[in-house]
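Fold and geometry: a report
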Amino acid sequence: DGGITQSPKYLFRKEGQNVTLSCEQNLNHDAMYWYRQDPGQGLRLIYYSQIVNDFQKGDIAEGYSVSREKKESFPLTVTSAQKNPTAFYLCASSIEVWGEQFFGPGTRLTVL
Amino acid sequence: AQSVSQHNHHVILSEAASLELGCNYSYGGTVNLFWYVQYPGQHLQLLLKYFSGDPLVKGIKGFEAEFIKSKFSFNLRKPSVQWSDTAEYFCAVIGNTDKLIFGTGTRLQVFP
């Protein structure tokens, strides 16, 4: 059953702690993306990766970091430098960069 | 900067009513256009897309959208909505930035 998985669905962290969100795809897609969704603001691009071992900053990369060591995986770390980390985080992938994107179920992060 | 506007933030309809959700974008060159839908508790999924050709695009579940280049618009329509269409709808555009830019979304509530 092909698709994109994100875990966990809900995540709680204390302020000042780094946290890593998981994103895995078995679609054999080259490109992967991280978006942040806030009420009334739509989806905003955090980072994207065209291919393994490559990634580019999106519109709101400050306070976030990513890695792309494997084609299937694109984890996102929310660092303590992110001023307002509480949000819904969506991972997506596409066959090639900026093609039709397929989305995961999302992780809702709450920083207390 | 390239932007996407969805002026209807919240739409409430009765079943069988007709639907039109507005989407306008700011870029004047060649664009790829998308409508995504997020049903309650489900993944964001593609409703329809326009890359080129016939400006009237048919999507899943009876939705359609019309690309009007002169108006920079890509409005989503459905002649008769159902309760199951209750969801959040996002318009998205790829233009000169080569990134997928999302609108802020429209929340549709359909009452039986």
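For the structure itself, look to the data block above.
First, a word on what this report is: a plain description of the structure on this page.

1. Here we look at the overall build of chain A
Within chain A, the regular secondary structure consists of zero helices and eleven strands. Ordered by position in the sequence, the α and β elements of chain A form the string β-β-β-β-β-β-β-β-β-β-β. Relative to the compact-globule value of 13 Å for 112 residues, chain A shows a C-alpha radius of gyration of 13 Å, a close match. Here the C-alpha coordinates of chain A stretch approximately 35 × 30 × 25 Å along the principal axes. By residue count, 47% of the 112 residues in chain A fall in the buried class. The long-range share in chain A, meaning contacts at least 24 apart out of those at least 6 apart in sequence, stands at 54%. A total of about 5,600 Å² of accessible surface is found on chain A, and carbon and sulfur atoms cover 47% of it. Positive and negative side-chain charges of chain A, numbering 11 and 12 respectively, have mean locations separated by a distance of 9 Å.

2. Description of the state of the cysteines
All told, the structure shown has two disulfides over all chains when counted by the stated rule. Two residues, Cys23 of chain A and Cys91 of chain A, share a disulfide whose sulfurs are 1.9 Å apart. Between Cys23 of chain A and Cys91 of chain A the disulfide shows an S-S torsion of about -70 degrees. By sign, it is left-handed. Taken together, the positions of Cys23 of chain A in strand E3 (residues 19-25) and Cys91 of chain A in strand E9 (residues 87-94) put the pair 68 residues apart, joining distant regions of the chain. The same class applies to Cys23 of chain A as to Cys91 of chain A, namely buried. With its sulfur 1.9 Å from that of its partner, Cys23 of chain B forms a disulfide with Cys91 of chain B.

3. What about the interface of chain A and chain B?
Taken together, the contacts link 20 residues of chain A with 16 residues of chain B. Of the roughly 1,400 Å² buried at the junction of chain A and chain B (both faces included), carbon and sulfur atoms supply 57%. Per-residue buried area on chain A facing chain B is highest for Trp98, Glu100 and Phe103 of chain A; these three make up 39% of the total on that side. Linking chain A with chain B are one salt bridge, by the criterion used here. Of the charged contacts in the structure, one is a salt bridge between Glu100 of chain A and Lys49 of chain B, with a shortest N-O distance of 2.8 Å. Taken together, chain A and chain B are joined by four residue pairs in polar contact (both at pLDDT 80 or more). Listing elements by their share of the side of chain A that touches chain B, those giving two or more residues are strand E4 (31-38), strand E5 (42-49) and E9 of chain A. Counting residues per element, the side of chain A that touches chain B draws most heavily on E5 of chain A, which supplies four residues.

4. Here's the deal with the nonpolar core
Trp35, Leu48, Phe74, Leu76 and Tyr89 of chain B are the most contacted members of the largest nonpolar core, which has 29 residues in total. Elements that contribute at least two residues to this core include exactly strand E2 (10-14), strand E3 (19-21), strand E5 (32-38), strand E6 (44-50), strand E8 (64-68), strand E9 (73-78), strand E10 (87-94) and strand E12 (106-111) of chain B. Top contributing element to this core by residue count: E10 of chain B, with four residues. Discounting residues that sit within four places of it in the chain, Phe74 of chain B has contacts with Cys23, Leu33, Phe34, Trp35, Leu48, Tyr50, Val57, Ala65, Glu66 and Phe67 of chain B. Grouped together as the second largest cluster of nonpolar side chains are 20 residues, Ala31 and Tyr35 of chain A together with Leu44 and Phe102 of chain B included.

5. A word on the pairing of E10 of chain B
Residues and elements named next belong to chain B. Among the eight residues of E10, eight are classified as buried, and the element is accordingly described as predominantly covered. Burial of E10 is two-sided: the residues Ala87, Tyr89, Cys91 and Val93 facing one way and the residues Glu88, Phe90, Ala92 and Ile94 facing the other way are all buried. In the sheet, E5 pairs with E10 via seven bridges, with the strands oriented antiparallel. By the bridge assignment for E10, Val37 is matched with Tyr89. With three bridges joining them, E10 and E12 adopt antiparallel strand pairing.

Reading guide: rules and limits
- Counting starts from 1 at the beginning of each chain's written sequence and moves along it residue by residue.
- Working convention: letters from A go to chains and numbers from 1 go to ligands, in the order in which they are written.
- The predicted nature of this model means local features are confined to residues of pLDDT at least 70 and side-chain atom pairs, given and counted, to a pLDDT of 80 or more, with totals for whole chains, interfaces and linings taken over all residues.
- Hydrogens and water are ignored here; the side-chain numbers use all heavy atoms of the structure.
- Only DSSP runs of H or I reaching four residues or more are called helices, and only runs of E reaching two or more are called strands; each is numbered from the N terminus.
- Taken over C-alpha atoms, the radius of gyration is set against a globule rule of 2.2 Å times the number of residues to the power 0.38.
- Residue burial is assigned from relative accessible area. The probe radius is 1.4 Å, only protein chains are included, and a residue is buried under 20% of its type maximum, exposed over 50%, and partly exposed in between.
- Between two residues, a contact is recorded if the distance between any of their heavy atoms is within 4.5 Å.
- To be clear on the numbers: accessible area is Shrake-Rupley with a 1.4 Å probe, and residue cover counts the displayed protein chains and nothing else.
- Only four residue types enter the charge count, namely Lys and Arg as positive and Asp and Glu as negative; His and the chain termini do not.
- The atoms used to mark charge sites are NZ of Lys, CZ of Arg, CG of Asp and CD of Glu.
- Pairs of cysteine sulfur atoms within 2.5 Å are what we label disulfides.
- Accessible-area loss on putting two parts together, using a 1.4 Å probe and summing over both, is the definition of buried area adopted here.
- Within this document, salt bridges are pairs made up of a side-chain nitrogen of Lys or Arg and a carboxyl oxygen of Asp or Glu, the two lying within 4 Å of each other.
- Counted as a polar contact is a pair of N or O atoms within 3.5 Å, where, for protein atoms, one must be capable of donating a hydrogen and the other of accepting one, and residues adjacent in sequence contribute only when both atoms are in side chains.
- Definition of nonpolar core: a set of buried residues of the types Ala, Val, Leu, Ile, Met, Phe, Trp, Tyr and Cys, connected through side-chain atoms within 4.5 Å.
- For two strands to count as paired, DSSP must find a minimum of two bridges between them.

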